[in-house]
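# A look at the structure
Take a look at the letters that make up each chain.
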Amino acid sequence: MMTIQEPYPDLDELLVDIGKAGHRLSQIDASEGSAGNISVYAGWHIEPRHHFPKVEELSLPVTAPELAGACFVVSGSGCRLRDILSDPTANLGVAIVNPGGETAMLYTRYRCAFERVTSEFNSHFAVHRDRIRLTGTDFHAIVHAQPMHITYLSHIALYRDPNYLNRHLLRWQPELIVNLPQGLGVVPFLVPGSDALMAATLEQLRDHRVVVWSKHGVIAGSEEATLRASDRIEYVETAARYEYLNLCAGGNAEGLSPEEIRTIAAAFGVEQNLF
Ligand code: 13P
């Protein structure tokens, strides 16, 4: 597992990483309006008050006493991902978990662009917590976005079968099996922000780095950088676009064969069991 190394990024560098990811997702049309949200966990000391002087208490979606003192940078509900890079302190806040793990102190800027953290913070927080517990990572980024082609495919029942989805999508570029050796996970349509979506996302992100939220979008994680999570979303969306093109063009393209994909995986030392 690639992970972040010391010296750890400071808060300014984290804000730029998040901002660049938001900007790129906007460039690929994966965050119309205020669609999408981003959060990162930083397991080292961050002093938020210089950037985010306003403080209030935030109830956490699940009680996590083991995360007392942990720091999360999170996008605001209704914020545009494309605006984060040019004005990070208006669109992000920093939550530092209080002793007992039921609440956090949320640091924001005066006159920021939101009243609450993202409506998907329950899924983000539950996944961060799970990943920290399972891997001991000091860094974890989560990105939710709504790229059109992968979301479109998830409206077709066949593509909600993970085996069908992965074998059809990962055939379009040699990079895909290298970047997504576990393929995509899929959760059925579940109401945005719901406990059911949180639980299904948590389970699927244990085994996959990108998960399709059927009829809604995708969610991706990374232990390296927010940009790495958004890269994965970009790879998925590119693959979905090839698939869509092929559907529109009558399905004549072969794509990489299973044998070719196995050869690529062997050459790059990638363990996979999809092909
Ligand atoms: P927020 O603006 O609350 O983050 O919601 C956007 C979204 O994409 C919900 O899935």
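Further up the page is the structure itself.
Attention in this report is confined to the structure presented alongside it.

Definitions and cut-offs
Residues numbered from 1 in each chain as written. Predicted model: local features only at pLDDT ≥ 70, side-chain atom pairs only at ≥ 80, totals over all residues. Heavy atoms only, no water. Near = heavy atom within 4 Å. Polar contact = N/O pair within 3.5 Å; in protein donor to acceptor, adjacent residues only side chain to side chain. Areas by Shrake-Rupley, 256 points an atom, 1.4 Å probe, with all protein chains shown as cover. Phe/Tyr/Trp six-rings, centres within 6.5 Å; stacked < 30°, edge-to-face > 60°. Helix = DSSP H or I, 4+ residues; strand = E, 2+ residues; numbered from the N terminus. Buried < 20%, exposed > 50% of the residue type's maximum accessible area, 1.4 Å probe, protein only. Pairing = 2+ DSSP bridges. Axes fitted to C-alpha atoms, helices over the stretch in contact; angles between N-to-C directions. Contact = heavy atoms within 4.5 Å. Salt bridge = Lys/Arg side-chain N within 4 Å of Asp/Glu carboxyl O. Core = buried A, V, L, I, M, F, W, Y, C linked by side-chain atoms within 4.5 Å.

Close to the ligand lie Ser34, Ala35, Gly36, Asn37, Ser77, Gly78, Thr118, Ser119, Glu120, His144, Gln146 and His216, which account for all nearby residues. Contact between the ligand and threonine 118: an oxygen atom at 2.6 Å from a side-chain N or O atom of the residue. For the ligand, the protein covers 88% of the area, taking 310 Å² as the surface of the free molecule.

Here we take up the packing of aromatic side chains. As enumerated under the stated definition, the model contains eight aromatic pairs in all. Between tyrosine 152 and tyrosine 244 the ring centres are 5.7 Å apart and the planes differ by 85°, which places this aromatic pair in the edge-to-face class. Of the two residues, tyrosine 152 is situated in helix H4 (residues 148–153) and tyrosine 244 in helix H8 (residues 226–248); the sequence distance between them amounts to 92 residues. Centre to centre, the rings of tryptophan 172 and tyrosine 242 are 5.8 Å apart; their planes meet at 10°, and the pair counts as stacked. Of this pair, tryptophan 172 sits in the loop between helix H5 (162–169) and helix H6 (174–179) while tyrosine 242 sits in helix H8, and the two are 70 residues apart along the sequence. Using a relative accessible area of 35% as the deciding quantity, one classes tyrosine 242 as partly exposed.

Looking now at the sheet that holds strand S1 (residues 37–42). The strands that make up a sheet are held in pairs by hydrogen bonds between backbone atoms, and each pair lies either parallel or antiparallel. Read from one edge to the other, the open sheet built from nine strands follows the order S2-S5-S4-S3-S1-S6-S9-S8-S7, with strand pairing classed as mixed. With one partner strand each, in any of the chains shown, strand S2 (54–59) and strand S7 (184–187) form the two edges of the open sheet. Pairs of neighbouring strands in the sheet enclose a mean axial angle of 20°, with direction left out of account. With six bridges connecting them, S1 and strand S6 (residues 139–145) associate as antiparallel partners. Looking at the pairing, tyrosine 41 lines up with histidine 140 of S6. The sheet contacts of helix H3 (residues 121–135) involve S1, S2, strand S3 (71–75), strand S4 (92–97), S6 and strand S8 (210–213), and relative to S6 the element is tilted by about 150°.

This next bit is on the pairing of S3. Of all five residues in S3, five are buried; the element is thus mostly enclosed. Of the two faces of S3, the one holding Cys71, Val73 and Ser75 and the one holding Phe72 and Val74 are both buried throughout. Bridge count for S1 against S3 is four bridges, and the pairing is antiparallel. Each bridged residue has a counterpart across the sheet, and for tyrosine 41 the counterpart in S3 is phenylalanine 72. Relative to S4, S3 is paired through five bridges, and the arrangement is antiparallel. Counterpart to phenylalanine 72 in the pairing with S4 is alanine 95.

Moving on, we come to the side chain of serine 222. For serine 222, the location among the structural elements is in strand S9 (residues 217–222). Among the polar contacts listed, one links the side chain of serine 222 to the backbone nitrogen of glutamate 224, at a separation of 2.9 Å. Not counting residues up to four positions away in its chain, the partners in contact with serine 222 are Phe139, His140, Ala141, Arg209, Arg228, Ala229 and Arg232.

With that out of the way, let us pick up the pattern of salt bridges. Any two side chains of opposite charge can pair, on the condition that their charged atoms come close. Applying the stated criterion across every chain, the model contains 13 salt bridges. Two residues, glutamate 66 and arginine 129, come together in a salt bridge whose shortest N-O distance is 2.7 Å. Placement of the pair is glutamate 66 in the loop between S2 and S3 and arginine 129 in helix H3, with a sequence separation of 63 residues. Owing to a relative accessible area of 26%, arginine 129 belongs among the partly exposed residues under this scheme. Note that glutamate 224 and arginine 228 form a salt bridge whose closest N and O atoms lie 3.7 Å from each other. Under the relative-accessibility criterion, glutamate 224 is labelled partly exposed at 26%.

Further remarks concern the nonpolar core. Ranked by size, the top nonpolar core spans 52 residues in total, and within it Leu25, Val73, Val94, Ile150, Leu165, Leu169 and Leu184 carry the most contacts. Per element, the largest residue contribution to this core is six residues, and it comes from helix H1 (residues 11–27). Apart from residues lying up to four places away in sequence, valine 94 is in contact with Leu11, Pro48, Phe52, Cys71, Phe72, Val73, Met105, Leu106 and Tyr107. Residues Ala64, Leu67, Val97 and Ala104 belong to the second largest nonpolar core, which totals 16 residues.

What follows deals with unusual backbone geometry. In this structure, proline 7 follows glutamate 6 across a cis peptide bond, with omega equal to -5°. If you trace the backbone, proline 7 turns up in the segment before H1. Residue lysine 215 is not a glycine yet carries a positive backbone phi of 60°. Tracing the sequence through the fold places lysine 215 in the loop between S8 and S9. Since its relative accessible area comes to 39%, lysine 215 is described here as partly exposed.

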